[in-house]
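# Analysis of the macromolecular model
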Amino acid sequence: MSEACTSRELMIYTISRLLKGVRHVAVGQSSPMPAAGAMLLRALNQRDGLEHVQVSILGSVKHNSFTGGAEELFDCAAQGRLDAFFLGGGQIDGRGNVNLVGTGDYPNNPVRWPGSFGSAYLYFLVPRVILFREEHSLRSLVERVDFVSAPGVTDETVYRRGGPHALLTNAALFSFDREAGRFRLESTHPGYGWRDIRGTTGFSYDNEQCEVTTPLPDEATLSLIRGRIREELRECYPQFAGNMPGPG
Amino acid sequence: MTDFVTPREMAEMIPSGCKLGLAPDDYAAAPGLVRMLIDRGIRDLHVVCAPIGGMQVDMLIGAGAVATLETSAVSLGEAGGAPCFSRAVRDGSIRLRDATCPAVFAGLTAAEKGVPFMPIRGIIGSDVLEKRDDWKVTSNPFDDAEKIVVVSAIQPDIALFHAPEADRFGNVRLGRRRETMLLAHASKKAFVTVERISEVSLLDDEKMAAGVLPAIYVSAVAQLEKGGWPTGLYAEYPRDGQEIEKYARAARSPEGFQAYVRGLGSAA
């Protein structure tokens, strides 16, 4: 029996499930778990003889076939050549708004995060944007973000084909209903119940009393994460890969 | 004509107060030359990150060299947040122009094409837009029902970056790093540090030529081996993660930052 599935491995596996069916997924900077999830889907599809998945990892030489520079990702998105992307967020609110800039008042935010990156654009154009925030807490999942880097919903005068698809944390998985502009609790991870999620989520959402548990990866998938995926991650995320369970 | 100069001479050629375009860490950042800018006490820069900044930008801010910062993000990657940047935001010592990556590229593309602005999708409803007086919402001239953002052209006075190789004619190989090519096209001048200088023209090899920035854009070249260190140089060497961690720890305090930069100065 191998070491039990870690919280991070469960999130990597869940990301691969959320990506099912995509042809092209891109992963931004500083996103080791989304990168791992995308690589896992590619490996699983390859193993099972399913459709090839194009994975574009920004910052990678090996796992990135763009030849047009960093702007090619954005051009791909605008043309509909990109099916999925990930956004983090220091704060995420119940309307799907994302804040990557900081807490308090702009511009002299007492806590400043790196910045909005490509979020204000990709959120409009990529059909499946997966919100990923490891920390599930009242300070990360808030009623209303202090700064809108990228809005969750838009009126019909603005071109929009993309937006939030799901929100994944270390404790739970939510889906997003774009019509209603609200999250729905889909499952809680092992070790968490719906009351834990209610107590640590700062916004209202549907299906509060959800009893579904997020499924764990099987042994074969887990060994794929600990073998091939861990090796593929090393190029861009040596520290993260080094901290993952695995041989050697 | 491209001038071939020493790195110190190049640092002297970049004036205080200029609009300086910089490439991202690990792609084509030039921290080696940036350290020399800090040594010579450069001030009042308007830094344009194309489209994000990292350690070299954080060092410039820590050294008090930046008046205005135009960027989509500043981060040290796996080493975490950029300490001098966060401090400068809190105490209001830099003027911030927060952006989103493709809007920076759109602004540079406008400058490249010599037009005053460029339309771009998305962004409407974002507070990033609210804070920018040089971005506007207009209607699509071909469809009044649609709103669209336009961003004004971004033309840096000088683009500064590090590349694997130049030839003695001033052509510079960038390979796939075409956002750096865009930055050079958009800027009035490009100053480039390189790992090595080729005696044969980089344009002679058709397989390479499309990834070469022609000398017509390149004002000066200086050979500076490991000029991308401790960040990486795309497809040449990875970042030195330990050194960047060391910087991240030191720069948590202004005193630690000063000690780190002085240490580099005496080692160079």
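Residues numbered from 1 in each chain as written. Chains lettered and ligands numbered in written order. Predicted model: local features only at pLDDT ≥ 70, side-chain atom pairs only at ≥ 80, totals over all residues.

Where an unreviewed UniProt entry is consulted, chain B appears under the name Glutaconate CoA-transferase subunit A, with the organism given as Bradyrhizobium shewense.

Moving on, we get to helix H4 (residues 83-91) of chain B. Residue and element names in this part refer to chain B. By the criterion of burial, H4 is predominantly enclosed, with seven of the nine residues buried. Among the residues of H4, those classed as buried are Pro83, Cys84, Phe85, Ser86, Arg87, Ala88 and Val89. Immediately beyond the C-terminal end of H4, within one or two residues, lies Gly92, with a positive phi of roughly 70 degrees. (Buried ≥ 20, exposed ≤ 12 C-beta atoms within 10 Å, placed from the backbone. Helix = DSSP H or I, 4+ residues; strand = E, 2+ residues; numbered from the N terminus.)

In this structure, Leu40 and Ile130 of chain A together with Val47, Leu60, Leu160 and Val192 of chain B are the most contacted members of the largest nonpolar core, which totals 172 residues. Here this core gets nine residues from one element, more than from any other, and that element is helix H2 (residues 32-47) of chain A. In this structure, Leu60 of chain B is in contact with Val34, Ile38, Leu45, Val47, Ala65 and Val66 of chain B, ignoring residues within four places of it in sequence. (Core = buried A, V, L, I, M, F, W, Y, C linked by C-beta atoms within 7 Å. Contact = placed C-beta atoms within 7 Å.)

Turning next to the interface of chain A and chain B. Across the boundary between the two partners, chain A contributes 41 residues, which contact 42 residues of chain B. The set of elements that each furnish at least two residues to the side of chain A that touches chain B consists of helix H3 (71-79), helix H4 (119-125) and helix H7 (238-242) of chain A. Looking at the side of chain A that touches chain B element by element, the count peaks at six residues for H4 of chain A.

Once the domains are mapped, chain B shows domain 1 (3-99 + 156-262) and domain 2 (120-152). Each of domain 1 of chain B and domain 2 of chain B has a C-alpha centre, and these two points are 30 Å apart. (Domains from an automatic or database assignment.)

Of note, Asp105 of chain A is situated in the loop between strand E6 (102-103) and strand E7 (111-112). Separated by 27 residues in sequence, Asp105 of chain A and Ala78 of chain A have C-alpha atoms that sit 32 Å apart.

For the rest of this paragraph, the subject is the confidence of the model for chain B. Summarising the model, chain B shows a mean pLDDT of 96, and 99% of its residues fall at 70 or more. As scored by the predictor, the complex reaches a pTM of 0.95 and an ipTM of 0.95. (pLDDT = per-residue confidence, 0-100.)

Our focus in this paragraph is unusual backbone geometry. Residue Pro107 of chain A is bonded to the preceding Tyr106 of chain A through a cis peptide linkage, with omega at 5 degrees. In this fold, Pro107 of chain A is placed in the loop between E6 and E7. Pro51 of chain B follows Ala50 of chain B through a cis peptide bond whose omega is 0 degrees. Position of Pro51 of chain B among the secondary structure elements: in the loop between strand E3 (45-49) and helix H3 (55-62). Unlike most non-glycine residues, Ser30 of chain A shows phi in positive territory, near 55 degrees. You will see that Lys226 of chain B, though not glycine, has its phi angle at about 60 degrees, which is positive. Residue position: Lys226 of chain B is located in the loop between strand E13 (218-223) and helix H9 (241-250). We classify Lys226 of chain B as partly exposed; it has 15 C-beta atoms within 10 Å.

In this section: the sheet that holds strand E4 (residues 91-93) of chain A. All names here are of chain A. The strand order across the open sheet formed by three strands is E5-E4-E9, and the pairing between neighbours is mixed. The two strands at the open ends of the sheet, each matched to only one other strand, are strand E5 (98-99) and strand E9 (141-142). Here E4 runs beside E9; their pairing, made up of two bridges, is parallel. Residue pairing across strands places Ile92 opposite Leu141, the latter belonging to E9. (Pairing = 2+ DSSP bridges.)

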